[in-house]
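Structure assessment
One-letter residues, chain by chain:
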Amino acid sequence: LGMNEPKEAQLSSTVGVILAGLVSGIGGLILFCAPHSLFPSLFSPDEKLVNLSSELMPMLALYVFADGVQAALSGIVKGCGRQSLVMPIVVVAYWIVGLPLAYYNVFHKYGGTTECG
């Protein structure tokens, strides 16, 4: 690990996570502070779709930050060769918690998909 330099490997991983957090935090901040209809309007002229997408911008900003940090942490785990330790967490988080929660939110709590056209 780290050419038998564990202190330098730890420093590199810390710097990587901090930089990933800063860069993704800036991206999330841009999404959060910009008018929420700005980015959706670049992809569609449909006002109903733009308004619907605009409501999701704060959640997207949070996701961008969290995903950037997660990507850096994932790289550290892969660099350590410990992917098998993380696999059960991913299975539980995505498939046992995330998928049923998304299904509940879409089809039960909010009544299904929305029509935009």
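Residues numbered from 1 in each chain as written. Predicted model: local features only at pLDDT ≥ 70, side-chain atom pairs only at ≥ 80, totals over all residues. Heavy atoms only, no water.

This next bit is on the overall build of the protein chain. Helices and strands together make up the secondary structure of the protein chain, namely 5 helices and 0 strands. Listed N to C, the secondary structure of the protein chain is α-α-α-α-α in terms of helices and strands. In terms of overall dimensions, the protein chain is more spread out than a globule: its C-alpha atoms have a radius of gyration of 19 Å, far above the 13 Å expected for 117 residues. Within the protein chain, the fraction of its 117 residues that count as buried is 15%. Within the protein chain, contacts between residues at least 6 apart in sequence are counted, and of these 63% link residues at least 24 apart. Summing over all exposed atoms, the protein chain offers an accessible surface of approximately 9000 Å²; the carbon and sulfur share of this is 71%. Placing the 5 positive and 7 negative side-chain charges of the protein chain at their respective mean positions leaves the two points 13 Å apart. (Helix = DSSP H or I, 4+ residues; strand = E, 2+ residues; numbered from the N terminus. Rg over C-alpha atoms; globule rule 2.2 N^0.38 Å. Buried < 20%, exposed > 50% of the residue type's maximum accessible area, 1.4 Å probe, protein only. Contact = heavy atoms within 4.5 Å. Areas by Shrake-Rupley, 256 points an atom, 1.4 Å probe, with all protein chains shown as cover. Lys, Arg positive; Asp, Glu negative; His and termini not counted. Charge placed at Lys NZ, Arg CZ, Asp CG, Glu CD.)

Here the focus is helix α5 (residues 83-109). At G98, α5 shows its maximal bend, which comes to roughly 40°, and the proline P100 appears one to four places after that position. Of the residues trailing α5, G111 is marked for its positive phi of about 75°. (Bend = angle between axes of the 7 residues up to and from the residue.)

The calculated volume of the second largest pocket comes to roughly 270 Å³. Residue lining of the second largest pocket: Q70, L73, S74, V77, K78, Q83, V86, I89, V90, A93 and Y94, and that is the complete set. Counting residues per element, the ones that place at least two in the lining of the second largest pocket are α4 (57-80) and α5. By residue number, the principal contributor to the lining of the second largest pocket is α5, which donates 6 residues. A per-class count over the lining of the second largest pocket returns 7 nonpolar, 3 polar and 1 charged. (1 Å grid on protein atoms, 1.4 Å probe; cavity = no way out; pocket = protein on both sides within 12 Å on 5 of 7 lines; lining within 4 Å. Points joined across faces, edges and corners; volume = space filled by probe spheres on them. Nonpolar A, V, L, I, M, F, W, Y, C, P; charged D, E, K, R; others polar.)

Taken together, the side chains of M87, V90, V91, V92, Y94, W95, I96, V97, L99, L101 and Y104 define a hydrophobic patch exposed on the protein surface, amounting to about 1100 Å² of accessible area. Relative to the elements of secondary structure, V90 occurs in helix α5. Of the residues examined, V90 reaches a relative accessible area of 34% and is grouped as partly exposed. (Patch = residues over 30% accessible without salt bridge, like charges linked within 9 Å, V, L, I, M, F, W, Y side chains within 5 Å. Salt bridge = Lys/Arg side-chain N within 4 Å of Asp/Glu carboxyl O.)

So yeah, pure geometry; function would need other evidence.
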